[in-house]
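# Observations on the model geometry
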Amino acid sequence: METAFSTGLFEVETGESAWRLSSTHWPGFKIGSLKCHVCLSGRKHYPEELRVERLENRDGLRMIWVFKNAGAKIVQEIINHQNFLEINSLFQNLTNESTCLNELSLLETTGLGEASFGTRQEEARVYEDGGYWGHVRKLSRSPKPSSEAVEQVSREIQGSSQLCWEVYNPFDRMAFLAGFLTFERWLGMVEAGFNASLGVTGWKMGFDAGDLTVDPGETVKLEDVILMIGEDPWLLLEEFGDLIRRKHGIMPLKNPPVSWCSWYPFRLSVNEEHVLENARIGAERLKSLGLKNIQVDLGWEKDYLPSSYDENKQFLHGLKWLSEQLGKMGFNLGVWKAPFVISEHDPVAAQHPEWLLGDEKEKPAPYWTWFWKPYGKVYALDLTHPEAQNYLREKMASLAKKGVKYFKLDFMNGPCNPRLRNRYNRRIVAGGGVEAARLGCRIIAETLRSIDPECLVLNCNPYEPCGLGYFQLLYTCNDTGNTGYVTWQFMKENYRAVASHLWKNHRLGIIEPSCLCVGPPGTLEEARIRATVAFLSGGEISISDDLTTLPEERWQVLLSILPPAGFSAKPVDLFEPVTVEQLSYEEMSRSGREASAGNIEEEGGNIWVQRVDTEWDSWIIVSLFAWDPPKTREGREHLITRFNIPWSLLGLNPDRRYWVYEFWSSQFLGEAPSKRLRNSYTHPGDAGKLLWSATEETLQVTFFGPAVRVLAIREKRQHPWIVGTSFHLTSGGELRNVTWDETGKVLKGELQRPVGQLGFIVATGISTKRVEATVDNRPASVQHGANGSIIIPMVSTEHPLRWEIRLEEQ
């Protein structure tokens, strides 16, 4: 092969029948012998000829792949941008007959060992995305859930990802991202195979073409591809998201909404009184913290049919009346709807079977059995049919005209089902692609906004690209379920998926990590985990508890994460997991020395870092998730988990000194890095301090899971200062105008919280024993807290609550 052009990041080399991609910045990286292939009318074809041309007005190449036996060609333009390569492709039918486009690969290696991802590539980390799921795994590790995953030695591992795929080599400290910039007709997939003995066995980018009919002489625009390379894998994901946002004109909401959802407290038993009772309490306790939408989930429809747009007897006054009642309280009415689903019990199924998708054997063809009453088969609406499109417009408009302003649109993936290819218009892609679903989403968006431009739509679809650019809100994981019932293993995998999707927030839309449940029957610790994830996601918070029965301890959890952050945390260990230790109680007690029962390299997504910037200070929030219950040793003792977190991973300088505060326990942990001597005496009681050790290399935090610990880490001051509060998870984001007066020895500020909230602020750096405090110009209690801190209790009032801490000279 010979070098065709160099971008500064990539080297593109072309040969007689293939091309290769490499990088001068990453010597061990290559993807070679790249071709494309096409499957037409059931037959797979590779090109017999490749012609390469220079682009006339742009920096790049034109590659013309000729499929002589198939009577077709694919034209690809590789365009050099400053930070990435863009590949635009066209398919042309050169015959005098129509053809059926079944499958297409835009980039594909054609031999073993043609792709390499650097030094010790078996240890490289691979990002894969499945809409509701997502993870980063070793290239040599099965993409199955972590409970089933094992190192693979002899057999091939095959992984796939929709929209984008990324590999990061921690030894070379380089990453490569391949993604689809467009998704108008097809769902772009990236696949990679690996074998421990053979290396990378295959790599390709392509899609199921959905049996699209291509007329004689017709040219079809294919999806655009982006290739990126860089040192920071998370930054590449963010930059990819920015490219999608600009390409599709996505304009995310400035502030994530706060909603209440009826599903988990009531399910099908929901009625209008339940909704109004919760709205009344929400108006009293949550409205000032951002609650705006009261959403009725499945259960309001006639006969509980997912395809019904009429109310049942549980909503005797109707949705329009309910929207008016909620409007008097300052709320918007929201409803759940599955607009692409038709139940077999719905008259539409019998009266208009031509509106429903089919498979090779029958039309219509059911694709699922409905899980809830009244059960039965369900069909997918054929959105290529003009009359089905009109039906969708009419039904969605009927809801908007009743005053519905928030729409949770669920089960939107039916029209994409690969089996459902039998459709009215074969020149529109349905099953196997996303064109029909995107057409339906566009119809919904245009219909609703023609009636109410301010309405909000939550896109619940594992085929994520279907609603991008049309709907503002993006469901980003599997359903969380009621507390207590779901396993910790499921919760771990689900919330790690959220971690891998955080880059999408404020780029592809505002994400929602499913509903937030904090009430019983689950434990308080589980409630805190769920709340922490919801807050640090930076997306929509959808509360799904019965507010009329919520215990006060759970109210405190809920209130502490409102209002939402509006920006997402970064999962700093996603691509470079930290090593955690399992410490033995018996050995620690006997030896007085640290005793490890084994190191475990966790999958990433356990350490989320969020920066908080206010007018009076800046600090970081570090959330540590220990997902698993304690392991046992010899059936007699639990092993405690210790995180060893490099300061560099947190973006902090260990040469400086920091104050550390843990929010959920309201515990000031002292100064870090600390000066504990090596080989000093340690024992099990040290774990009660939470901050086991903070050397100049690592921050060590020890606790039993399943649990979450949220650390607020600020630079140490040379005078008294606030280190935390009990009011808000940011540990100070709710404070204003905090200042230290050196002359008067006064630390003062303001608290801004809803009326009647009880809590406290925590200060440290106080060298004198005589301290006085006032709250709202009244004397306040001064209590001594952990590690030399002081605590000032207070109750919030209507106006900003002013407080002062005055130091008296001894």
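The following paragraphs examine the structure supplied in this document. (Residues numbered from 1 in each chain as written. Predicted model: local features only at pLDDT ≥ 70, side-chain atom pairs only at ≥ 80, totals over all residues. Heavy atoms only, no water.)

The next thing to look at is the packing of helix H6 (residues 386–401) against helix H7 (residues 435–451). In the contact formed by H6 and H7, the axes pass within 9 Å of each other and the chain directions differ by 35°. The chirality of how H6 crosses H7 is right-handed. Along the contact surface, H6 presents Gln389, Leu392, Arg393, Met396, Ala397, Ala400 and Lys401, while H7 presents Leu439, Gly440, Ile443, Ile444, Thr447, Leu448 and Ile451. Partitioned by chemical class, the residues of the contact of H6 with H7 number nine nonpolar, three polar and two charged. (Axes fitted to C-alpha atoms, helices over the stretch in contact; angles between N-to-C directions. Helix = DSSP H or I, 4+ residues; strand = E, 2+ residues; numbered from the N terminus. Left-handed = near helix turned anticlockwise from the far one by under 90°. Contact = heavy atoms within 4.5 Å. Nonpolar A, V, L, I, M, F, W, Y, C, P; charged D, E, K, R; others polar.)

With that settled, consider the layout of surface pockets. Each pocket or cavity is described by its volume, and for the largest pocket that value is around 560 Å³. Forming the boundary of the largest pocket are 25 residues, of which Trp368, Trp372, Asp410, Phe411 and Asp479 lie nearest the centre. Counted by class, the lining of the largest pocket contains 15 nonpolar, five polar and five charged residues. (1 Å grid on protein atoms, 1.4 Å probe; cavity = no way out; pocket = protein on both sides within 12 Å on 5 of 7 lines; lining within 4 Å. Points joined across faces, edges and corners; volume = space filled by probe spheres on them.)

Right, let's get into the side chain of Asn461. Within the fold, Asn461 resides in the loop between strand S28 (456–459) and strand S29 (473–475). Residue class for Asn461 comes out buried when judged on its relative accessible area of 2%. A distance of 2.8 Å separates the side chain of Asn461 from the backbone nitrogen of Tyr463, its partner in a polar contact. With residues up to four places along the chain from it excluded, the contact list for Asn461 reads Tyr132, Met412, Asn413 and Cys466. (Buried < 20%, exposed > 50% of the residue type's maximum accessible area, 1.4 Å probe, protein only. Polar contact = N/O pair within 3.5 Å; in protein donor to acceptor, adjacent residues only side chain to side chain.)

Leave glycine aside and you will find that most residues have negative phi; peptide bonds, for their part, are mostly trans. Backbone torsion omega between Lys373 and Pro374 reads 0°, so that peptide bond is classified as cis. Looking at where Pro374 falls in the secondary structure, it is placed in the loop between strand S25 (368–369) and strand S26 (377–380). Put simply, Gly705 and Pro706 share a cis peptide bond, and its omega is 0°. Here Pro706 is to be found in the loop between strand S42 (698–703) and strand S43 (707–715). One non-glycine residue with positive phi stands out, namely Asn737, at about 55°. One can find Asn737 in strand S45 (residues 735–741). According to the relative accessible area criterion, Asn737 is partly exposed, its value standing at 43%. Of note, the phi angle at Lys745 is positive, near 55°, even though the residue is not glycine. Here Lys745 falls in the partly exposed class, since its relative accessible area comes to 24%.

Pairing is antiparallel across the open sheet formed by six strands, whose spatial order is S32-S35-S36-S43-S39-S40. In this open sheet, the two edge strands, each paired with only one partner strand, are strand S32 (570–571) and strand S40 (667–672). Contacting strand S35 (607–613), strand S36 (618–626) and S43, helix H9 (residues 524–536) runs over the sheet at an angle of about 50° to S43. (Pairing = 2+ DSSP bridges.)

Secondary-structure assignment places Ser105 in strand S10 (residues 99–109). Within the local environment of Ser105, its side chain forms a polar contact with the side chain of Glu108, the two groups lying 3.2 Å apart.

If you look at soluble globular proteins, the nonpolar side chains tend to sit buried side by side. If you look at the biggest cluster of nonpolar residues, it comprises 167 residues, and the most contacted ones within it are Phe407, Leu558 and Trp803. Beyond its immediate sequence surroundings of up to four residues, Phe407 is in contact with Val335, Met396, Leu399, Ala400, Leu448, Cys455, Leu456, Val457 and Leu458. Ranked by size, the runner-up nonpolar core spans 58 residues in total, among them Ile74, Phe91, Val190 and Ala209. (Core = buried A, V, L, I, M, F, W, Y, C linked by side-chain atoms within 4.5 Å.)

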